[in-house]
Structures are given as structure tokens and as C-alpha cells.
Amino acid sequence: MKMARQMRREREASSMTTHHRQSLTVTPVLLVCILLATTTTKSRCGGGVDAFVHPQTATWTTSEASTTATRLDVSAVLEPPPTVGFPDDGSNRGGFGVSSYEWMSSSGSPTVDLPWMDYVDHHGHGASSSSSLPPVIFLHGLLGNKRNFQTLAASLGATLTRERRLIGMDLRNHGDNLDMMDSMSYADMARDVLSTLDRHILHSQNKNQKVILVGHSMGAKVAQALALLMPDRVEGMVLLDMAPVTYDPDEPSWKTVSDILHLLKDVVPSSESPSSSSITKRQVDQWLQPSLPDPALRAFCLTNWDAAKSDWKMDLHKVCSELDTLRQFELVSSSENSSQQEAHLQYDGDVLLIHGGKSKFVKSSHLPTIQSYFPNHMLTTIRGAGHWVHAEAPDDVMLLLKRYLDR
């Protein structure tokens, strides 16, 4: 009753249209409705934060911050996650009813010890390893590395009410990984993350500790794979602008990504310079400029250039050969029963999906698939941001993360 009276007062005070003044009662049909709730002020990237739909919650609200931007009040709309649909018998059962050890051993592909880093030094005494709360693991996208989230995570760590350990990883064939792997399937990369956690990050007494995953683009798909295949190891997820779907190779958003990778692969600066040992990042930037006019995007790509070796840090030929795998979302090996097995995969924890309003990587047509995998999800959009939503709207993303983690 108290909540109903509060909502009536909010509706009466609102300047929204008659349609939007109605109670935001959620049904599965409303999953296709975009912009159910709108904000009135501007975010840093020229938009605001819109609330989408959480199918398990009857009514939604938004709250305005006292700053220059309006933010979604995640603490008001996210309930504690329900228990995963597997028995808590100490065996740590996964999406197919197997233990972590059985799942880790089920692939013919060896796991990779991923380079990682703690983002926050709490109180000058090292990372917050003594916290009993699940640590937060940040997973980057294609051409990224663990440092992509360093600034955002440092700001987040300084504002969290509930102190947590914040950790970044270099996914296979990226960042400081030295051994390049042929396979880049999402199941294999999820195994890398879990193996690195258990071998090097989590204390021996907390080997089966749950974690919270924050992933962007490719990293978001890795996070989704881990949550679906080993749900008992994931406390929650925040996904940045990526749906658990297969993208058509000719879809403009995916084709742009593919074209950039092939462009970088085909850049052979040594043929343009008499001395390959003297090739600088500035020279490569100049070679890329005609085909890649966006200076921010070129700067992001050039984080992978090793001037000392006059070459890319990562094996772009191997990454390009796996683009077909990366555009898909296959979690089990191809077989007659693979579709049936994947249809039974589901993660019941709280999932926050942050979508860039200018990006096409999350569409209304993807919502039924998102709902089938993640029934307790909430979808928000930052209207002025594109695919790199955390770089284009860091303040908005940070506050959403804070409210998700402190809820």
C-alpha cells in the first residue's frame, strides 16, 4: 500500500504523457517495448538513462540524482537473486549438472592462465582480498585488454559502500598473453576465466567462491557463457552492450568490427619503411587514418601496437580466423543434441544489461533470447552512447555499477 501511494504521487507530479503515467506493470509482452521510462536531464554523452523491463518485477521506478545527470535507481528495482536451480549439495553443479572440475576437463582445448590485475589498493594495504563479498571480474572486448577498465574501476572502488575486490583479466589472444591459441570459443574462454580464478586469485579455502562478472562486447559473451555453463559460480552479471545471440556476418554492426580487424591484419608497415625497427605508433596511425578516420577508434586499436617489435602484440591472423566463432554464441560442441542442450541453459541470478542507445548490438528482436537465458534481467539504455558505452559514458556506467553492487 505504501509503495502504491508513493507511485501515485510520483505519477501525479510527473509531466509524462497519459500513456506513461500509467503504472509500469510488467508482462512478457512488454519486453518488446522500448523506452518505457524516460529521463528528463542529460548525461555526459548527450542522452539519459532509460529503464527497460525486468520480467520478474511488477513495477519499476526511476530516481533523479542531484547531479547533472539522471540515473536509474538500480537499488530500487533489483531484488536479491533467487537460488540457482541446482541442489546445494557442495558439489558445485553447473549448467549441465557437472562439477567445476568435470566441466574444466570436458574440453580438448587446454586452458590459459590469463594475465590479471587488481584495480584497487584499499587503504594502502593491498587489494581487498579479505572482503567476504564476491569479487568483481572485468572482461574486455575484442582488441581490448585488462587496462580498459582501470580508470572506471578505480573510480568505482573509491565510491563503493560495500568494499569489494575489483579485478581485470586479459582474455586469450589479447593483452599480455604470450601463447596464442587457435580456439576462441566462448566456452573455452569461460574455462580460462574460471581456471585463472581458482588457480591464482581466489584463496584456497574459497575455491568455489562466486564472482560478479562485468563484461563488454566479446567479454560480455564470455561472462554469459560462464554464467550459463557454471551458474553456481556466478553471483551476478553486468553486461555492456552485447546480446547472447549470433550476429549475421553482413549485419552492419558486426561487419564494422570484422572490417576493422581485417584492416589491422593487412597493415604491413614494414613494406612502407626502410627500417622496420623504427616504425612508431604515429606512423601506423597515419597509415590507418584514410580507412579509419575516427581518431578515438584508431587510438584504441593502437593500444595493441608494440613499437619495440614493430608489430601487433596479438596474432591478428588467428583472431580473424575465429571471427565466425566470435560472432556466434555456441556453448556446446556441434552435435544432434546441441540445440536441445543449449535450450535448457538458464542463469537465474540478477543480470543488468547496459545498452548504448546509438549501438545496434542489442535490438528488440534479441529480447526473447535474452529472456530465455536470463529470466531475472533488467535492460537499460544510455541514449547518447555507442557500443563502447563505458568509455563514452563512464559516469553513467559507474553509477549503475555502484548501485548494482551496493544494492
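This structure is a prediction, so every number in the text was calculated from the model and none was measured. (Residues numbered from 1 in each chain as written. Predicted model: local features only at pLDDT ≥ 70, side-chain atom pairs only at ≥ 80, totals over all residues. Heavy atoms only, no water.)

Draft legend 1. Summary view of the overall build of the chain. When helices and strands are counted, the chain shows 16 helices and ten strands. By the burial criterion, 53% of the 407 residues in the chain qualify as buried. When contacts within the chain are restricted to residue pairs at least 6 apart in sequence, long-range pairs at least 24 apart make up 76% of them. (Helix = DSSP H or I, 4+ residues; strand = E, 2+ residues; numbered from the N terminus. Buried < 20%, exposed > 50% of the residue type's maximum accessible area, 1.4 Å probe, protein only. Contact = heavy atoms within 4.5 Å.)

Draft legend 2. Structural context of the packing of helix 6 (residues 186-201) against helix 7 (residues 218-229). Viewed as axis vectors pointing N to C, helix 6 and helix 7 meet at an angle of 80°, and their least axial separation amounts to 8 Å. Overall, the two elements helix 6 and helix 7 adopt an arrangement that is roughly perpendicular. Only Met218, Lys221, Val222, Ala225, Leu226 and Leu229 of helix 7 make contact with helix 6, whose side of the interface consists of Tyr186, Ala187, Met189, Ala190, Val193 and Leu194. Among the residues making up the contact of helix 6 with helix 7, the classes are represented as eleven nonpolar, no polar and one charged. (Axes fitted to C-alpha atoms, helices over the stretch in contact; angles between N-to-C directions. Parallel < 35°, antiparallel > 145°, perpendicular 65-115°, else oblique. Nonpolar A, V, L, I, M, F, W, Y, C, P; charged D, E, K, R; others polar.)

Draft legend 3. Structural detail: the nonpolar core. Leu142, Leu143, Tyr186, Val193, Met237, Leu261 and Leu326 are the most contacted members of the largest nonpolar core, which totals 74 residues. Per-element tally for this core: the top contributor is helix 7, with nine residues. One finds Val136, Val214, Leu400 and Leu405 within the second-largest nonpolar core, a separate group that totals 28 residues. (Core = buried A, V, L, I, M, F, W, Y, C linked by side-chain atoms within 4.5 Å.)

Draft legend 4. How the structure looks around the pairing of strand 10 (residues 377-382). The buried fraction of strand 10 amounts to six of the six residues, a majority that puts the element mostly inside the structure. Here strand 10 shows a buried face lined by His377, Leu379 and Thr381 and a second buried face lined by Met378, Thr380 and Ile382. Note: strand 9 (residues 350-356) against strand 10, six bridges, orientation parallel. The partner of Leu353 across the bridge, within strand 10, is Leu379. (Pairing = 2+ DSSP bridges.)

Draft legend 5. The arrangement of the packing of helix 5 (residues 150-159) against helix 16 (residues 394-406) in detail. Two elements in contact, helix 5 and helix 16, have axes separated by 10 Å at closest approach and are oriented at 45°. With respect to each other, helix 5 and helix 16 are oriented oblique. Classified by chirality, the crossing of helix 16 by helix 5 is right-handed. Listed contacts from helix 16 to Leu152, Ser155, Leu156 and Thr159 of helix 5 are Pro394, Val397, Met398, Leu401, Lys402, Leu405 and Asp406. (Left-handed = near helix turned anticlockwise from the far one by under 90°.)

Draft legend 6. Looking closely at unusual backbone geometry. Positive phi values are uncommon outside glycine, yet Asn173 reaches one of about 65°. Its location among the elements puts Asn173 in the loop between strand 4 (166-169) and helix 6. On the basis of relative accessibility, which here comes to 0%, the residue Asn173 falls in the buried class.

Draft legend 7. Representation of the pairing of strand 9 in the model. Burial analysis of strand 9 places seven of its seven residues in the buried class, which makes it a mostly covered element. Residues Asp350, Leu352, Ile354 and Gly356 of strand 9 are buried on one face, and the alternating residues Val351, Leu353 and His355, pointing to the opposite face, are buried as well. Taken together, the five bridges between strand 6 (residues 234-240) and strand 9 define a ladder with parallel strand orientation. Across the sheet, residue Gly236 finds its bridge partner in strand 9, namely Asp350. Following the backbone out of strand 9, through helix 14 (residues 367-373) and into the adjacent parallel strand 10, one traces a crossover that is right-handed. (Right-handed = clockwise from strand over helix to strand, strands pointing away.)

Draft legend 8. Molecular detail of the confidence of the model for the chain. Looking at the chain as a whole, the pLDDT averages 76, with 65% of positions reaching at least 70. Residue range residues 52-94 is modelled with pLDDT below 50. Its contacts to residues more than four positions away, or to other chains, number 122 contacts. Under a pLDDT of 50 for its full length, residues 270-274 has, in the predicted model, five contacts with residues more than four places off or in other chains. (pLDDT = per-residue confidence, 0-100.)

Draft legend 9. Representation of the side chain of Asp306 within the structure. Along the chain, Asp306 falls in strand 7 (residues 305-306). Notably, Asp306 is buried but unbridged: the nearest opposite-charge side chain belongs to Lys309, and the N-O separation is 4.3 Å. There is a polar contact of 3.1 Å between the side chain of Asp306 and the backbone nitrogen of Ala308. (Lys, Arg positive; Asp, Glu negative; His and termini not counted. Salt bridge = Lys/Arg side-chain N within 4 Å of Asp/Glu carboxyl O. Polar contact = N/O pair within 3.5 Å; in protein donor to acceptor, adjacent residues only side chain to side chain.)

Draft legend 10. Spotlight on the packing of aromatic side chains. Per the stated rule, a full pass over the model turns up nine aromatic pairs. Look at Tyr186 and Phe329: their rings are 6.2 Å apart centre to centre, the planes differ by 45°, and that puts the pair in the tilted class. Pair noted here: Tyr186 is in helix 6 and Phe329 is in the loop between helix 12 (323-327) and helix 13 (338-343), with a separation of 143 residues, a long-range link. Summarising the burial analysis for this pair, Tyr186 and Phe329 share the class buried. Here a set of aromatic residues connected by ring pairs shows up, and it is made of Tyr186, Phe329, Tyr347, Tyr373 and Phe374. The side chain of Arg407 reaches across the aromatic face of Tyr404, ending 4.0 Å from its centre. (Phe/Tyr/Trp six-rings, centres within 6.5 Å; stacked < 30°, edge-to-face > 60°. Lys NZ or Arg CZ within 6 Å of the ring centre and 35° of its normal.)

Draft legend 11. View of helix 7. Between its terminal C-alpha atoms helix 7 stretches 17 Å, which fits the 16 Å expected from twelve residues at 1.5 Å a residue. Among the twelve residues of helix 7, twelve are classified as buried, and the element is accordingly described as predominantly covered. Taken together, the buried positions of helix 7 are occupied by Met218, Gly219, Ala220, Lys221, Val222, Ala223, Gln224, Ala225, Leu226, Ala227, Leu228 and Leu229. (Expected span 1.5 Å × (residues − 1).)

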